[in-house]
Every structure is written in structure tokens, then in C-alpha cells.
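In case you want the letters, here they are:
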Amino acid sequence: MADFNSEFWHWYIAILTVISILACLWLIRWMTAGVKKTDDVESTGHVWDNDLTELNNPLPRWWLGLFYITLAFGGFYLLLYPGLGHFSGLLNWTSKGQYEQEVSIMEAKVGPLFARYQQTPILDLIKDDAALKIGERLYINYCSTCHGSDARGARGFPNLRDGDWLWGGDPQSIKTTLTLGRQAAMPAWEAALGGQTGVDEVTQYVLSLSGRSTIAEMAASGKAKYDIFCVACHGPTGTGNTALGAPNLTDDSWLYGGSINRIAESLTIGRNGKMPAFGEFLGEAKVHLLTAYIYGLSQGN
Ligand code: HEC
Ligand code: HEC
């Protein structure tokens, strides 16, 4: 309510709300005024099926009372809570305030627990079932949308169980990945490789790196191009570089698919996977637990 961009809307809403409540009050009084309970009930003049007459009985008192109570409730509510334009209510309640209060109660409850885990080395945490359970819940909440509920990933989202790492799989590297995020940068190569033919040749060479059968001639021309354009990141033998997130091309694990078409596509359009940073959002203690959970997965936990 503090976000109104002009005073007009504050008054517009406040006045309209008050008028509506007063109008309800007036409507009830107007409809009930002058209707008295008597033995000889007045007819409204409406008759159906020859003898079904609509009478004008007054509303029962308890029923009428409910209307007045509702109106009084509305009035009190608007006095105590925000509702009338940007008037914040006598209780000064805000949804943000309530959220923050709930969070701080929760932090006070689980804070000491997290603090204790934070002091425990990762290598000990991966043997602590209670800690791993918390790690698993954090994983499901924050990570499973991208890496899958079983952490086996999907195209473009790495498998976290397989012991094959883009950015390094020791606890410290995993923690850095979670804390700061990672941005992979593999440019598009089609132009540099001299168009489609160049892409096809290098693709053949990439296939040969993991021992797949290739068209030898094309792979040989591909290797010449690889040695110029690709060694800097993927290394002379194609084993990759975890400092740059450049994948190992000699194994059977592919982030974007290992078919000829997929590899050619990786070269043609480039790949720029991004792992978001979680350090600030989750805080050190949760990142520590998540690191233990992820490291544990790759150790076969
Ligand atoms: C500047 C560093 C850099 C250079 C140079 C580079 N790459 Fe890459 N490459 C990467 C990175 C980083 C990734 C991972 C992209 C991602 O994770 O989104 C990647 C991904 C790939 C992939 C996809 C692997 C998979 O698992 O799906 C292939 C294939 C590939 N590169 C081949 C090549 C070839 C061939 C060349 C030379 C023409 C090349 N790269 C040059 C950094 C580089
Ligand atoms: C928005 C999607 C997204 C979310 C959410 C996400 N990730 Fe990632 N993550 C990625 C992508 C994409 C990569 C690969 C980046 C690259 O291509 O280099 C990645 C990479 C990683 C890596 C590095 C893998 C390797 O092989 O080195 C780890 C570890 C990881 N994520 C763990 C997590 C954890 C734990 C969470 C939850 C806190 C999480 N991720 C949440 C998209 C996501």
C-alpha cells in the first residue's frame, strides 16, 4: 500500500471503501424500516400458482444482527489493519513484517543446529545421516528444478552424481560453484572454422577423442583446426579444464548430447551454461550442508 504512485489512489480507495460500508448500512435500515411484526402480515402483492403469496415479514432479529456485526467487523478491521488506502492500521501490521518475524523465529530455532554443522568438516558431514537429510531437503527445494529430483541432470544441466565434473568435484570447488555460481563461455565456432565443412571436420575429430569411429581424413583436418582453436580450453588431448568449466571431450559423458548432430550444434552455436550463485541467498551454513550432500552423492552416498 506504500507503493501508490499518487495521493489520488489513496483517497480513491479509502473513500470508496467507507462509502460502500455506509451504503450497506443505509440499505439495511432502508429495507427494514417500517416493517413491523404483526398478526396480520401485509402482502407484497406477489402471488404464484393461484395461492402462493409473498408476505412482507420483518427479518428475524438474529439474522439482522449478523448484518450489523459484519459491518462492525469491517469497520474494526479497517481501523486495525491496512485497507484504507495507505493508512497502515493501528496495529501497523504488514505481510513483510509477519514474514520477517516468522523467519526470525525459525532462524532462532534452527540457527544453532546449522551453526554446529557449519563447524563440521565436509568429510565428516558426509557420514552424518541427519545432516545429509537436511542437505537433501535443501537440494529438493533449490536445485531439483534444474538438476532433477534424482540429481542426474538433463541436457545442459550437469549430472551431479557421476563423478564427472566441469568445475571440479572436490569439496572446495563444489562450494565455490554453489557460492559464486558459474558461467561457462564457449563461443560459436562456425565462422572461425570456415563454415559447415569446418564444423563437420572438427566434429569428426571430437568423436575420435572418445574412441568413436570416424572418417579419418576429415578427422585429420579437424585435428589441425582443433590444435588452433580448441586446445586453449579443452587441452591438447581433449581432457578439458576445470578452471574454465571446459568439459572433458574424451569420455562418454556429454552435457549437451554426444550424437554427431549435437556435437556439431555445440560447435556451431556455442554453449553458455550458467549456474546461478546461491551464496548470498542461502547463506554459508546451508551452502556448507548442500556441498556435503552433493559431494556425498558423487561418493556413492
Ligand atoms: C574459451 C574456451 C573454449 C574454447 C576455445 C572452446 N571451448 Fe568447447 N567448451 C568450453 C566450455 C566452457 C564448454 C562448456 C559449455 C557449457 O557448460 O555450457 C564447452 C563445451 C564444448 C562442447 C560440448 C560438450 C558436452 O559435453 O556437451 C564441445 C563438443 C566442445 N566444447 C568442443 C569444442 C571445440 C571442438 C572447440 C574448438 C573449435 C572448442 N570447444 C573451443 C570452452 C571452450
Ligand atoms: C537455474 C538452473 C539451476 C539451478 C536452480 C541450479 N543449478 Fe547448478 N548448474 C546449472 C547449470 C546450467 C550448470 C552448468 C553450468 C555450466 O554449463 O558450466 C550447473 C552446474 C552446477 C554444478 C557444477 C557441476 C560440475 O560438473 O562442475 C554444481 C555442483 C551444481 N550446479 C549444483 C547445484 C546446486 C547444489 C543447486 C541448488 C542450490 C543448483 N546447482 C541449482 C543450473 C542450475
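As shown above, the structure is provided for reference.
Everything quoted here is computed from the prediction, not taken from an experiment.

Trainee: Give a detailed account of the side chain of Asp251, specifying residues and quantitative values.
Mentor: Looking at the secondary structure, you find Asp251 in the loop between helix H10 (231-234) and helix H11 (260-269). Look at Asp251: it is buried, it has no salt bridge, and the nearest opposite charge is Arg212 at 8.9 Å. At 3.2 Å, the side chain of Asp251 and the backbone nitrogen of Ser253 are in polar contact. When neighbours within four sequence positions are excluded, Asp251 is seen to be in contact with Asp164 and Ser210.

Trainee: How would you sum up the coordination of the iron atom of ligand 2? Please name residues and give values.
Mentor: At the metal site, the iron atom of ligand 2 is ligated by His147 (NE2) and Met275 (SD), and these contacts range over 2.0 to 2.1 Å. Coordination at the iron atom of ligand 2 is octahedral, judged from the six donor atoms that bind it and the angles of 88 to 179° they form at the metal. In this pair, His147 is assigned in helix H6 (residues 144-147) and Met275 in strand E4 (residues 274-275), connecting sequence segments 128 residues apart. A relative accessible area of 19% means that Met275 is categorised as buried.

Trainee: Explain the pairing of strand E1 (residues 43-48) to me, and be specific about the residues and the numbers.
Mentor: As paired elements, E1 and strand E2 (residues 52-55) share three bridges and run antiparallel to each other. By the bridge assignment, Val47 is partnered in E2 with Thr53. Between the antiparallel neighbours E1 and E2 lie three residues, among them Asp49 with a positive phi of about 45°.

Trainee: Explain helix H2 (residues 61-80) residue by residue, including any values.
Mentor: If you check H2, its first and last C-alpha atoms are 28 Å apart, about what 20 residues at 1.5 Å a residue would give, namely 28 Å. In this structure, the buried residues of H2 make contact with helix H1 (7-32).

Trainee: Residues and numbers for the site of ligand 2, please.
Mentor: In the neighbourhood of ligand 2, 23 residues make up the surrounding shell, with Cys143, Cys146, His147, Leu166 and Met275 lying closest. A distance of 2.8 Å separates a nitrogen atom of ligand 2 from a polar side-chain atom of His147. In the model, an oxygen atom of ligand 2 is placed 2.8 Å from a nitrogen or oxygen of the Trp167 side chain. Looking at the shell around ligand 2, its residues break down into 17 nonpolar, four polar and two charged.

Trainee: How would you sum up the pattern of salt bridges? Please name residues and give values.
Mentor: Scanning the model with the defined rule gives eight salt bridges in all. Taking the shortest distance from any N to any O, the salt bridge between Glu100 and Lys96 comes out at 3.4 Å. Separated by four residues within a single helix, Glu100 and Lys96 lie in helix H3 (residues 95-119), roughly one turn from each other. Between Arg262 and Glu265 there is a salt bridge, with its nearest N and O atoms 3.2 Å apart. Linking Arg262 with Glu265, this pair stays in helix H11, spanning three residues, or about one helical turn. Of the residues examined, Glu265 reaches a relative accessible area of 30% and is grouped as partly exposed. Among the charged side chains, a network of salt bridges with common partners joins Arg262, Glu265 and Arg271.

Trainee: Can you break down the coordination of the iron atom of ligand 1 residue by residue, with the values?
Mentor: All of the protein donors around the iron atom of ligand 1 are Met186 (SD) and His234 (NE2); their distances to the metal are 2.0 to 2.2 Å. Classification of the site at the iron atom of ligand 1 rests on its six donor atoms, whose angles at the metal span 85 to 180°, yielding the label octahedral. One end of the pair, Met186, is in the loop between strand E3 (182-183) and helix H8 (195-209); the other, His234, is in helix H10, with 48 residues separating them in the sequence. His234 sits in the buried class, given a relative accessible area of 10%.

Trainee: Quick one: what's the story with the site of ligand 1, residue by residue and with numbers?
Mentor: Met186, Cys230, Cys233, His234 and Tyr256 are the nearest of the 24 residues found near ligand 1. Leu255 has a polar backbone atom sitting 2.7 Å from an oxygen atom of ligand 1. In this structure, Tyr256 approaches ligand 1 through a side-chain N or O atom, which is 2.5 Å from an oxygen atom. Of all the secondary structure elements, the ones that give two or more residues to the shell around ligand 1 are H8, H10 and H11.

What counts as what
- Residues numbered from 1 in each chain as written.
- Chains lettered and ligands numbered in written order.
- Predicted model: local features only at pLDDT ≥ 70, side-chain atom pairs only at ≥ 80, totals over all residues.
- Heavy atoms only, no water.
- Helix = DSSP H or I, 4+ residues; strand = E, 2+ residues; numbered from the N terminus.
- Buried < 20%, exposed > 50% of the residue type's maximum accessible area, 1.4 Å probe, protein only.
- Lys, Arg positive; Asp, Glu negative; His and termini not counted.
- Salt bridge = Lys/Arg side-chain N within 4 Å of Asp/Glu carboxyl O.
- Polar contact = N/O pair within 3.5 Å; in protein donor to acceptor, adjacent residues only side chain to side chain.
- Contact = heavy atoms within 4.5 Å.
- Donors = N, O, S within 2.8 Å, 3.2 Å for Na, K, Ca; no water.
- Tetrahedral: all angles 85-135°; square planar, octahedral: opposite > 155°, others 65-115°.
- Pairing = 2+ DSSP bridges.
- Expected span 1.5 Å × (residues − 1).
- Near = heavy atom within 4 Å.
- Nonpolar A, V, L, I, M, F, W, Y, C, P; charged D, E, K, R; others polar.

What is shown is where atoms sit, not what they do.
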